[in-house]
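Architecture at a glance
Okay, here's what each chain looks like letter by letter:
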Amino acid sequence: SDYICSNGVVIDKTSPIISNISTPSKGSGEDATLTDTKADMTFTASESGTYFYIVKKSSEDAPAAINDFADSSVDSNTGMTVWTEKESVTAAAMTADDSNKLSLTGLTANTAYTVYVIGVDRAGNASNVLSKKFTTCRTMPKVTTNPTLSGTYGTAVKDMTVTNGVAKAGDTVIDGTWTLTDTKVSDVPSVGTTNTYEVTFTPDAKYNGQYETVKVS
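Residues numbered from 1 in each chain as written. Predicted model: local features only at pLDDT ≥ 70, side-chain atom pairs only at ≥ 80, totals over all residues. Heavy atoms only, no water.

Things to note about the overall build of the chain
- Helices and strands together make up the secondary structure of the chain, namely 0 helices and 19 strands.
- A principal-axis box enclosing the C-alpha atoms of the chain has dimensions of 100 × 25 × 25 Å.
- For the chain, the residues scored as buried account for 31% of the 217 residues in total.
- Look at the contacts in the chain between residues 6 or more apart in sequence, and 62% of them connect residues 24 or more apart.
- As displayed, the chain has an accessible area near 12700 Å², and 46% of this comes from carbon and sulfur atoms.
- Across the chain, the 17 positively charged side chains and the 25 negatively charged ones have centroids separated by 6 Å. (Helix = DSSP H or I, 4+ residues; strand = E, 2+ residues; numbered from the N terminus. Buried < 20%, exposed > 50% of the residue type's maximum accessible area, 1.4 Å probe, protein only. Contact = heavy atoms within 4.5 Å. Areas by Shrake-Rupley, 256 points an atom, 1.4 Å probe, with all protein chains shown as cover. Lys, Arg positive; Asp, Glu negative; His and termini not counted. Charge placed at Lys NZ, Arg CZ, Asp CG, Glu CD.)

Structure (structure tokens):
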């Protein structure tokens, strides 16, 4: 708790409390706080000051105290401890409310992470370490060339061959298989007609679940 020195100066010895890291969610459009490469969260702090945070893959060692986030020095004017973030750690101004933001970028798709955060008040007192686990989304490939169905006269849709589809992530072509998944697979298209059917692209297993399946028609 706080106490008062004989010279009347109030010395703060109370550590701030941080709590309630929000859970990022996939959502849609601007409401999404979780994607394949980004995650946004908020947390609550009891005092103003500075907070430090770092994101690690869930298999990596967890930081346990302020010294894992920042290096300390002493302010020659006030005598208070000052903390400076270490490499790979992000620092930001902390407010005494629930609007403190954690913005994580450059993440890998379909990967389990843990974000760790610690707060330091203006007197240099450090809080507990707070953490939140989450897993990024899979990347959604973009179908840049629709596949085609081909077969001989009188062939049912289910017996046709799916060819020529192209799916990409950015500029990279994604390997995978195209499968007919339409409910009208028993159709026998007439000569000279054009029909559309649902086809699903499944990324190759070599990507270890990094990409979503895609349906097109």
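Examining the environment of Ser-190
- As for its placement among the helices and strands, Ser-190 is situated in the loop between strand E17 (176-180) and strand E18 (199-203).
- When the C-alpha atoms of Ser-190 and Gly-154 are compared, they prove to be 7.8 Å apart, with 36 residues separating the residues in sequence.

Brief notes about the layout of surface pockets
- Reported here for the largest pocket is a volume of approximately 390 Å³.
- Around the largest pocket sit 22 residues that line it, and Leu-149, Met-160, Pro-189, Asn-195 and Tyr-197 are the ones nearest its centre.
- Per element, the largest residue contribution to the lining of the largest pocket is 3 residues, and it comes from strand E13 (residues 148-150).
- Taken together, the residues of the lining of the largest pocket sort by class into 9 nonpolar, 13 polar and no charged. (1 Å grid on protein atoms, 1.4 Å probe; cavity = no way out; pocket = protein on both sides within 12 Å on 5 of 7 lines; lining within 4 Å. Points joined across faces, edges and corners; volume = space filled by probe spheres on them. Nonpolar A, V, L, I, M, F, W, Y, C, P; charged D, E, K, R; others polar.)

Here we look at the pattern of salt bridges
- This model, assessed by the stated rule, comprises 5 salt bridges.
- For the salt bridge of Glu-212 with Lys-26, the shortest nitrogen-to-oxygen distance reads 3.5 Å. You can see Glu-212 sitting in the loop between E18 and strand E19 (214-216) and its partner Lys-26 sitting in the loop between strand E3 (18-19) and strand E4 (39-45), a full 186 residues away along the chain.
- Residue Lys-184 is joined to Asp-182 by a salt bridge in which the shortest nitrogen-to-oxygen separation is 3.2 Å. (Salt bridge = Lys/Arg side-chain N within 4 Å of Asp/Glu carboxyl O.)

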